[in-house]
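Structural overview for review
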Amino acid sequence: MTRSKLVIKNITRKKSRFLFTIFGIAVGIASLVTLLSLGAGLESEVRRQSEQLGAELVVTPKGWCAYEQISVLTGETLPEAIPNEDVEKVAGIKGITAIPYLVQRTALRNQPVPVVGILSTQMMKFKKWEIDKGEYLLDGGSVVTGFGIARQFELNVGDALTIRGAPFRLSGILKEKGNRDDLAIYMDLATAQRLYQVGDMVSFIAVKVDDITRIDGYSLEIQERANVAVVSDKQLVRSVLAIVGSVRNTLQLVAAVAILAACFGIINTMVTAIHERKREIGILQALGAGRETIFSLFLYESAFYGFLGGVIGIVGGVIFSYVAAPYITQNEFTAFLGSAQSVEVFNPDVVGKAMLFSLLVASLSGIYPAFQASRLSPVEAISYE
Amino acid sequence: MNDLIIRTEKLTKIYEDGYRTVALQDIDLTIARGSLSCIMGPSGHGKSTLLHLIGGLDRPTSGRVYLEDMDLTSVGSSKLAVLRCRRIGFVFQFFNLLPVLTVLENVEVSMMLAGVPQKEQRERAIEILRLVGLEEKCHVKPNQLSGGQRQRVAIARAMANNPDILLMDEPTGNLDSKSEQELLTHIHKVNQNGKTIVIVTHSQMVAAVAQRIFLIRDGRLENS
Ligand SMILES: Nc1ncnc2c1ncn2[C@@H]1O[C@H](COP(=O)(O)OP(=O)(O)O)[C@@H](O)[C@H]1O
Ligand SMILES: [Mg+2]
């Protein structure tokens, strides 16, 4: 006989109570695991995405709210757009380079794929693109694709593509960039405007400034001259992080409430168990168990709840993240967040932390009941019943 | 054989929860090593209280208990636990056994508390259970045993750490006379092996084998 054997025999004697207590802590730990998995590389991922924008300022249609502005990063297509007259006004400002582009969508094999209408030479210079295969030719009948799209749909140079009912030839494939640029089809801006019947409208204007210290001045000047809104890359990051933060706060609250409830579950279970086993505690004391022994036996019991609940919670949390991921990524915004492994389904660091936390929380919950048990007077315990 | 193992001095226990109960008053007694003694008297007159004080399970309001030369009343609670573990064995009237454990494991538990290694626990538990005639019940849970069998397991467990003293509180109180006789045979055997035994009992059959009888009435020791 060992202490751990005694603990396990005692803890499993009331099956349903045992299961409910385990379930309580498992739910708490599962939500914690989900939270930590989601939280992991999220912030740095957002910053990386915005750096790839390559622009200090982005011109958007007037009156857009923060969530709409985020579509600059996510690639979501919104109906509002900027007319050419405003593009020209912005481009006319000294000290800045204005790069207008149009974001639309098409379907390849029934999957949505972004189509970006660009001014070909200007954009290539701005993005520092290089060609991987074929040639960089954009005209009324030719398009190029990012590396990721070519790989995903097994496209080769010379392939015929149908975009919005019109035939195109794939003239070239860009070198891999490791960002969203890999995941679009690029088309001449005028061709795209015609194909999608948007007149002379563009979605955004990316703006590079010559003198970064004057960025606020440029921003004001653009808004004075043209009927548009301007957002800086820093503001975009802030907006995204604010949304991410609110999601995390909600999850944190859920995890905190679940774990707190689990703690009370453990305390309740232990206090009840001690009450029921008063006589047995007395027997153990008569057999020579001192206060420390009684205390540690009951503390082990609650720690064991933490151990089992932790294991089940971690497995549950990992499964949940895995199962829920496709549903979450149906949303454009979260698809963007999920795009570069920012949601890590299995992370040893997270698992270790969650396990430790589970053991700690369960042990802390067990201290009070175990202390109560250890303070029982042997005679009182023996005479019970 | 004038060697004393237990001695009490003006042992008094007063309960004061709500109203005052004088459970024991000024008990002076001595118990010789290797003897078999009985404590008798009406219910509620302080017999169990006396047994608990002798065994270091409870503390007196005043007076002293000596185990050989050691004053138990001045010993700390963890030291007292160690003494109960190694030198004293208890058997109560009922609910002696831990219900989740098998007969064998119940005996092992007391050795576990004494820090005996697992392998040795098992060997010794089997050996002791053989002595009380229960070796074939090793893997049975207590609720599948008869009252007499349970008390025999309790005795086996109390003997596991080879204590000097065995204290029993109405061990045959729940048994029919055949089981009582059987249990008494085992108790007698244990006593023959040199253990000091103190039994609280109402049974004349038990009293008949005792070398000494203490009569407790209203918390006081009557001369007998
Ligand atoms: N924990 C306690 N609190 C208050 N009174 C108690 C307690 N234990 C025993 N008593 C009282 O002390 C007296 C002696 O009890 P006990 O030693 O159990 O008697 P016996 O074993 O002779 O039947 C009884 O009156 C009982 O009510
Ligand atoms: Mg009694």
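Residues numbered from 1 in each chain as written. Chains lettered and ligands numbered in written order. Predicted model: local features only at pLDDT ≥ 70, side-chain atom pairs only at ≥ 80, totals over all residues. Heavy atoms only, no water.

Description of the interface of chain B and chain A
On the chain A side, the residues contacting the 28 residues of chain B number 25 residues. With both sides pooled, the region where chain B packs onto chain A buries about 2400 Å², and carbon together with sulfur makes up 67% of that total. The largest share of the area that chain B buries against chain A comes from Val100(B), Met112(B) and Leu113(B), three residues that together contribute 23% of it. The interface formed by chain B and chain A contains 2 salt bridges. Between Glu105(B) and Lys9(A) there is a salt bridge, with the nearest N and O atoms lying 2.9 Å from each other. Where chain B meets chain A, there are 6 residue pairs in polar contact (both at pLDDT 80 or more). Listed by contribution, the elements that provide at least two residues to the side of chain B that touches chain A are α2 (77-86), α3 (103-113) and α4 (118-131) of chain B. It is α3(B) that provides the largest number of residues to the side of chain B that touches chain A, a total of 6 residues. Its residues assigned to classes, the side of chain B that touches chain A shows 15 nonpolar, 7 polar and 6 charged. (Contact = heavy atoms within 4.5 Å. Buried area = accessible area lost by both parts, 1.4 Å probe. Salt bridge = Lys/Arg side-chain N within 4 Å of Asp/Glu carboxyl O. Polar contact = N/O pair within 3.5 Å; in protein donor to acceptor, adjacent residues only side chain to side chain. Helix = DSSP H or I, 4+ residues; strand = E, 2+ residues; numbered from the N terminus. Nonpolar A, V, L, I, M, F, W, Y, C, P; charged D, E, K, R; others polar.)

A closer look at a nonpolar patch on the surface
All names here are of chain A. A cluster of nonpolar side chains, namely Phe307, Val311, Ile312, Val315, Ile319, Tyr322, Val323 and Leu359, defines an oily patch on the protein surface of about 720 Å² accessible area. Looking at the nonpolar patch element by element, the count peaks at 7 residues for helix α13 (residues 291-328). Among the structural elements, valine 323 can be located in helix α13. According to the relative accessible area criterion, valine 323 is partly exposed, its value standing at 48%. (Patch = residues over 30% accessible without salt bridge, like charges linked within 9 Å, V, L, I, M, F, W, Y side chains within 5 Å. Areas by Shrake-Rupley, 256 points an atom, 1.4 Å probe, with all protein chains shown as cover. Buried < 20%, exposed > 50% of the residue type's maximum accessible area, 1.4 Å probe, protein only.)

Points about the nonpolar core
Of all hydrophobic cores here, the largest spans 113 residues; its most connected members are Leu50(B), Leu129(B), Ile155(B) and Ile187(B). Apart from the residues lying within four places of it in its own chain, the contact partners of Ile155(B) are Val91(B), Leu166(B), Met168(B), Leu183(B), Ile187(B) and Val190(B). Residues Leu57(A), Ala98(A), Leu108(A) and Met187(A) belong to the second largest nonpolar core, which totals 39 residues. (Core = buried A, V, L, I, M, F, W, Y, C linked by side-chain atoms within 4.5 Å.)

Comments concerning the packing of α3(B) against helix α5 (residues 147-159) of chain B
All names here are of chain B. Close contact between α3 and α5 brings their axes to 8 Å; oriented N to C, the two are set at 30°. The angle between the axes of α3 and α5 places the two elements in the roughly parallel class. As α3 runs across α5, the sense of the crossing is right-handed. Contacts between α3 and α5 involve Val103, Asn106, Val107 and Ser110 on the former and, on the latter, Val153, Ala156 and Arg157. Among the residues making up the contact of α3 with α5, the classes are represented as 4 nonpolar, 2 polar and 1 charged. (Axes fitted to C-alpha atoms, helices over the stretch in contact; angles between N-to-C directions. Parallel < 35°, antiparallel > 145°, perpendicular 65-115°, else oblique. Left-handed = near helix turned anticlockwise from the far one by under 90°.)

Topic: the packing of aromatic side chains
One pass over the full model with this rule turns up 6 aromatic pairs over all chains. Relative to Tyr305(A), the ring of Phe18(A) has its centre 5.9 Å away and its plane inclined at 45°; by these criteria the two rings are tilted. Of this pair, Phe18(A) sits in helix α2 (residues 15-39) while Tyr305(A) sits in helix α13, and the two are 287 residues apart along the sequence. By relative accessible area, Tyr305(A) is classed as buried at 3%. Taking 5.5 Å as the distance between ring centres and 65° as the angle between the ring planes, the aromatic pair formed by Phe94(B) and Phe95(B) counts as edge-to-face. By relative accessible area, which is 52% here, Phe95(B) ends up exposed. Above the face of the Tyr218(A) ring, Arg214(A) is positioned so that its terminal group lies 4.7 Å from the ring centre. (Phe/Tyr/Trp six-rings, centres within 6.5 Å; stacked < 30°, edge-to-face > 60°. Lys NZ or Arg CZ within 6 Å of the ring centre and 35° of its normal.)

As for the sheet that holds strand β10 (residues 220-222) of chain B
Residues and elements named next belong to chain B. In space, the 6 strands of this open sheet follow the order β6-β7-β8-β3-β9-β10, with mixed pairing throughout. At either end of the open sheet lies a strand with only one pairing partner, and these are β6 (88-91) and β10. Strand-to-strand twist of the sheet, defined as the mean angle between neighbouring strand axes without regard to direction, takes the value 20°. In this structure, β6 lies alongside strand β7 (residues 165-169), joined through 4 bridges in parallel fashion. The residue bridging valine 91 from the neighbouring strand is methionine 168, located in β7. (Pairing = 2+ DSSP bridges.)

Re the pattern of salt bridges
Where charged atoms of side chains with opposite charge meet at close range, the side chains can pair. Residue and element names in this part refer to chain B. Applying the stated criterion across every chain, the model contains 28 salt bridges over all chains. In this structure, the salt-bridge partner of glutamate 120 is arginine 124, at a minimum N-O distance of 3.2 Å. Separated by 4 residues within a single helix, glutamate 120 and arginine 124 lie in helix α4, roughly one turn from each other. A residue is classified by how much of its surface remains accessible, and glutamate 120, at 34% relative accessible area, is partly exposed. Shared partners join several salt bridges into a network, and the residues in it are Asp3, Arg33, Glu68, Arg87 and Asp164.

Observations regarding helix α6 (residues 84-91) of chain A
Residues three or four positions apart in an α-helix share a direction because the helix packs 3.6 residues into each turn. Residue and element names in this part refer to chain A. Buried within α6 we find Asp86, Val87 and Val90. Within α6, the buried residues cover an arc of 105° as seen down the axis, which keeps them to one side. In α6, the exposed positions angled more than 90 degrees off the buried face are occupied by Glu85 and Glu88. In this structure, the buried residues of α6 make contact with β1 (57-61), β2 (96-108), β9 (204-209), α10 (215-225) and β10 (228-232). (Arc of directions from axis to C-beta.)

Overview of the packing of helix α11 (residues 233-276) of chain A against helix α15 (residues 348-374) of chain A
Residue and element names in this part refer to chain A. Relative orientation of the contacting elements α11 and α15 amounts to 30°, with a least axis distance of 9 Å. The way α11 lies across α15 gives a crossing that is right-handed. Where α11 abuts α15, its residues Ile259, Cys263, Ile266, Ile267, Met270, Val271 and Ile274 lie against Phe357, Val361, Ala362, Ser365, Tyr368, Pro369, Ala370 and Ala373. For the contact of α11 with α15, the class distribution of residues is 14 nonpolar, 1 polar and no charged.

Looking at the site of ligand 1
Residues and elements named next belong to chain B. With respect to spatial proximity, the complete set of residues near ligand 1 consists of Tyr15, Asp17, Thr21, Ala23, Pro42, Ser43, Gly44, His45, Gly46, Lys47, Ser48 and Thr49. Contact between ligand 1 and lysine 47: an oxygen atom at 2.9 Å from a main-chain N or O atom of the residue. Between ligand 1 and serine 48, the relevant distance is 2.7 Å, taken from an oxygen atom to a side-chain nitrogen or oxygen of the residue. Within the complex, the protein chains bury 66% of what would otherwise be the 560 Å² of accessible surface of ligand 1. (Near = heavy atom within 4 Å.)

Details of the pairing of β2(A)
All names here are of chain A. Across the 13 residues of β2, 10 count as buried, placing the element largely inside the fold. As paired strands, β2 and β9 are joined by 6 bridges and run antiparallel to one another. When the bridges of β9 are listed, tyrosine 101 appears paired with phenylalanine 204. The pairing of β2 with strand β3 (residues 111-118) spans 7 bridges and is classified as antiparallel. Its bridge partner lying in β3, alanine 107 is registered against proline 112.

Quick word on the confidence of the model for chain B
Per-residue pLDDT for chain B averages 95, and the proportion of residues at 70 or more is 99%. Per the prediction output, this complex has pTM 0.76; the corresponding ipTM is 0.95. (pLDDT = per-residue confidence, 0-100.)

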